[in-house]
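So the chains spell out like this:
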Amino acid sequence: MAALASGNGTIDAAATAEQRQTAEAAPIRSATNPMVTPLLTDLYQFTMAYAYWKAGKHLERAVFDLYFRKNPFGGEYTVFAGLEECIRLIANFHFKEEDISFMRSVMPTCEDGFFEYLREVDCSDVEVYAVPEGSVVFPKVPLIRVEGPVAVVQLLETPFVNLVNYASLVTTNAARHRFVAGNTKYLLEFGLRRAQGPDGGITMSQLEICLAYPFEEHIHMPLLARIWWSPDEIVDKSLHSHDGSSTCMDFLSLVQTWLSKLQLSESLHGVFGETNQSELAAFTSYALAFPNNFLALVDTYDVIRSGIPNFCAVALALNDLGYKASGIRLDSGDLAYLSIEARKFFQAIEKEFNVPGFGKMSITASNDLNEETLDALNKQGHEIDAFGIGTYLVTCYTQAALGCVFKLVEINKQPRIKLSEDVTKVSIPCKKRCFRLYGREGYALVDIMTGENETPPKVGERILCRHPFNESKRAYVVPQRVEELLKCYWPGSSNKPREDLPVLKIIRDRCMQQLEQMRSDHMRRLNPTPYKVSVSGKLYDFIHFLWLSEAPVGELQ
């Protein structure tokens, strides 16, 4: 269903003050996107809330689990993201007068009392428990557990699923590209122009910082190279030295001198002849404007015969004035071959002209890179230091959605189960605690869900782990470390301590640490080993008891 939106998406500052927050926790700001309001939802959720209100059940205490059923991209892990935006939403959850007026126009047959109820609704009696953002997570295990009045929690379903779905999908996609590229390579986020609108682009940029995707730091000049006709068009040719002690009045002449030296170089003899002069003018002009951040796109005309020689002439001229060029970018052609040839070119210059560090000049590659391309480049061998990844990253090209769901698991302390002929859609009932069990080598072995009142797993004590639905799949585990996954991020009226929302660096560190704690066979691109998600023996028995109790018994005639 189409999402509803009011004319004014800004958050009422007065509403924030009305929310109950624990005294020791930091205040929570409004949502990053002003469209994230209580009206970012489906009409269906309001009709459900009205039905609860009409029946007098809207205040009944309900528990919902937000989870997903299958890992994306053919892999066996997912990275959880989007929690902060969910907490920002409920911290500022309040219907403004224009929202109420809009809902009256959409639901004209509803009683006035329902809209009076909406006018007073907030999330002060809602509790949210979640896996920390940046965690590696797996199917069926709740990412977020929401407890509260059933009508209010119902209204949170669509925005919560919306905020977690794309965020977790794109973060997982970024993690997969990081894994293939390796930790020694820089990854640059090039996706904004290909994103699904400005919100997709900004959301992606924020999330990918978690996996060390810095924003595109340098401006490149493919268009400049086609705007300039010749170096003669450069008017101001002067450039101060890096330390400011002197001024080169004709930087262009210095560049041309170095280009002549390269053409006469013994080690580069025959590699190139005359280079494209409009490209040389563009490189020179850009270096005059940004001498500290000179990174050139070298494939506008010919990489080997023009782009690299022109870049090197400008970089060497900058070097004479105390600057250090940032490097080159390759955006077409055989990236592996061209990077190797560029590295040879740089190393030859360092050796012949005694320019320390020139041979290690940074080489960045782009051009619709994806996991398969990165993997192929690694197998071929290359000299690329950084990868600019855009379209395949921001659009999650190989999978459109994660498929998060939001299911009722308990109402008034009575467990609820969703049954289906497709066993993957059967939900795991009741309020649960979730744990990750680690083995002797420090790797995660299994995630286990238990009933809320069960004795939790303990280090060194054997526990039976059972597949939720397959009777024959079971194993005893003696954990060497036990981690409880769900933490309180919004205590509502319970007075429980609230976890602070971490900054991006902490989220990134957690993500990288958790990825390192996974076995390599769970992480590999091809035929990864499924990670085990289990339930305790007591919860297994209860699931199947409830299943048999709720499923109708057929009758044969």
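Nothing here was measured: the structure is a model prediction, and the numbers come from that model.

Chemist: Teacher, can you tell me more about the overall build of the chain here?
Modeler: Helix and strand content of the chain: 17 helices and 21 strands. On the principal axes, the C-alpha backbone points of the chain span a range of 95 × 55 × 55 Å. Across the 557 residues of the chain, 54% fall into the buried class. Sequence separation of at least 24 residues holds for 76% of the intrachain contacts in the chain that already meet a minimum separation of 6.

Chemist: Explain the nonpolar core to me, please; I cannot follow it from the model alone.
Modeler: What tends to happen in soluble globular proteins is that the nonpolar side chains get buried as a cluster. In terms of nonpolar packing, the biggest core is built from 91 residues, with Phe114 and Ile144 touching the most fellow members. Ranked by the residues each element gives to this core, the list is headed by helix α6 (residues 150-181), at 13 residues. When neighbours within four sequence positions are excluded, Phe114 is seen to be in contact with Phe46, Ala49, Tyr50, Trp53 and Met107. Leu252, Phe294, Val355 and Phe387 belong to the second largest nonpolar core, which has 60 residues in total.

Chemist: Honestly, the pairing of strand β21 (residues 532-536) in this entry has me stumped. Any pointers?
Modeler: Consecutive side chains along a regular strand alternate between the two faces of the sheet. The element β21 is extensively covered by neighbouring structure, given that four of its five residues are classed as buried. The pairing of strand β16 (residues 444-451) with β21 spans four bridges and is parallel. In the sheet register, Ile448 faces β21, and the bridge partner there is Ser534. Where strand β17 (residues 463-466) meets β21, two bridges bridge the pair, whose relative direction is antiparallel.

Chemist: I tried to follow the environment of Asp42 on my own but got confused; where do I start?
Modeler: Positionally, Asp42 belongs in the loop between α1 (13-18) and α2 (43-54). Each C-alpha atom of the pair Asp42 and Leu155 lies 8.6 Å from the other, and the pair is 113 residues apart in sequence.

Chemist: Can you help me understand the sheet that holds strand β3 (residues 127-130) in this one?
Modeler: Pairing between sheet strands relies on hydrogen bonds along the backbone, with the strands arranged either parallel or antiparallel. Sheet architecture is open: six strands sit in the order β14-β13-β1-β5-β3-β20, paired in antiparallel fashion. Whereas interior strands pair on both sides, the edge strands pair on one side only; in this sheet they are β14 (414-415) and β20 (487-490). When β3 meets β20, the two strands line up antiparallel, connected through three bridges. Its bridge partner being in β20, Ala130 is matched across the sheet by Lys487. Packing against the sheet, helix α3 (residues 83-91) makes contact with β3, β5 (144-149) and β20, and its axis sits at approximately 45° to β20.

Chemist: Sorry if this is basic, but what is going on with the sheet that holds β16 here?
Modeler: Read from one edge to the other, the open sheet built from six strands follows the order β18-β17-β21-β16-β15-β19, with strand pairing classed as mixed. Looking at strand neighbours, the two that pair on one side only are β18 (474-477) and β19 (481-484), the edges of this open sheet. Pairs of neighbouring strands in the sheet enclose a mean axial angle of 35°, with direction left out of account. Contacts between helix α17 (residues 537-550) and the sheet are confined to β15 (432-438), β16, β17 and β21, with β21 contributing the most and set at about 80° to the helix.

Chemist: Just checking my understanding: could you explain the pattern of salt bridges for this structure?
Modeler: Pairing of side chains with opposite charge becomes possible as their charged atoms draw close. Applying the stated criterion across every chain yields a total of 31 salt bridges. Two residues, Glu147 and Arg145, come together in a salt bridge whose shortest N-O distance is 2.9 Å. Grouping residues by exposure puts Glu147 and Arg145 together as buried. Here Asp375 and Lys379 are joined by a salt bridge, their closest N and O atoms 3.2 Å apart.

Chemist: Which parts of the structure should I look at to understand the packing of helix α11 (residues 303-320) against helix α12 (residues 335-353)?
Modeler: Two quantities define a packed helix pair, namely the angle between the helix axes and the distance between the axes. With their axes 11 Å apart at the nearest point, α11 and α12 run at an angle of 40° to one another. Judged by the inter-axis angle, α11 sits oblique to α12. Two packed elements cross with a definite hand, and for α11 against α12 that hand is right-handed. Mapping the contact onto sequence places Val303, Ile304, Ile308, Pro309, Phe311, Cys312 and Leu316 in α11 and Leu338, Glu341, Ala342, Phe345, Phe346 and Ile349 in α12. Along the lines of polarity and charge, the residues of the contact of α11 with α12 split into 12 nonpolar, no polar and one charged.

Chemist: Any chance you could explain the UniProt feature "domain: Nicotinate/nicotinamide phosphoribosyltransferase" (unreviewed entry) in the chain here in plain terms?
Modeler: Feature annotation in UniProt assigns "domain: Nicotinate/nicotinamide phosphoribosyltransferase" (unreviewed entry) to the following positions: residues 326-427. When the span residues 326-427 is considered, its composition is 32% helix and 22% strand, and the gap between its end C-alpha atoms is 53 Å.

Chemist: Can you help me understand the packing of aromatic side chains in this one?
Modeler: Each aromatic ring pair is characterised by the separation of its centres together with the angle its planes make. Here the structure, examined in full by the defined rule, presents 20 aromatic pairs. Here Phe114 and Phe115 contribute two aromatic rings whose centre-to-centre distance is 5.6 Å and whose plane-to-plane angle is 65°, an arrangement assigned as edge-to-face. For the pair formed by Phe114 and Phe115, the shared burial category is buried. Ring centres of Phe346 and Phe358 lie 5.8 Å apart, and the angle between their planes is 80°; on these two criteria the pair is classed as edge-to-face. Of this pair, Phe346 sits in helix α12 while Phe358 is found in the loop between α12 and β11 (362-365), placing the two residues 12 residues apart along the sequence. For the pair formed by Phe346 and Phe358, the shared burial category is buried. An aromatic cluster is present here, built from Phe283, Tyr286, Phe290, Phe294, Phe311, Phe346 and Phe358 joined pairwise through their rings. The ring of Tyr476 carries the charged tip of Arg462 above its face, separated from the ring centre by 3.8 Å. Arg481 extends its terminal NZ or CZ atom over the ring of Tyr438, reaching a point 3.8 Å from the ring centre.

Chemist: It is not clear to me how α6 should be interpreted in this structure. Could you clarify?
Modeler: The terminal C-alpha atoms of α6 lie 45 Å apart, and with 32 residues this matches the ideal 46 Å at 1.5 Å per residue to within 8%. Helix geometry: α6 is bent most strongly at Glu157, by close to 35°, with proline Pro159 lying one to four residues after it.

Chemist: Got a minute to help me understand helix α10 (residues 277-289) in this structure?
Modeler: For an α-helix, the turn length of 3.6 residues means that residues three or four places apart are oriented alike. Here α10 spans 18 Å end to end across 13 residues, near enough to the 18 Å set by a 1.5 Å rise per residue. Of all 13 residues making up α10, 10 are buried, and the element is well covered by its neighbours. For α10, the complete set of buried residues consists of Ser278, Glu279, Leu280, Ala281, Ala282, Phe283, Thr284, Tyr286, Ala287 and Leu288.

Analysis parameters
Residues numbered from 1 in each chain as written. Predicted model: local features only at pLDDT ≥ 70, side-chain atom pairs only at ≥ 80, totals over all residues. Heavy atoms only, no water. Helix = DSSP H or I, 4+ residues; strand = E, 2+ residues; numbered from the N terminus. Buried < 20%, exposed > 50% of the residue type's maximum accessible area, 1.4 Å probe, protein only. Contact = heavy atoms within 4.5 Å. Core = buried A, V, L, I, M, F, W, Y, C linked by side-chain atoms within 4.5 Å. Pairing = 2+ DSSP bridges. Axes fitted to C-alpha atoms, helices over the stretch in contact; angles between N-to-C directions. Salt bridge = Lys/Arg side-chain N within 4 Å of Asp/Glu carboxyl O. Parallel < 35°, antiparallel > 145°, perpendicular 65-115°, else oblique. Left-handed = near helix turned anticlockwise from the far one by under 90°. Nonpolar A, V, L, I, M, F, W, Y, C, P; charged D, E, K, R; others polar. UniProt positions renumbered as here; feature names shortened; annotations may be inferred. Phe/Tyr/Trp six-rings, centres within 6.5 Å; stacked < 30°, edge-to-face > 60°. Lys NZ or Arg CZ within 6 Å of the ring centre and 35° of its normal. Expected span 1.5 Å × (residues − 1). Bend = angle between axes of the 7 residues up to and from the residue.

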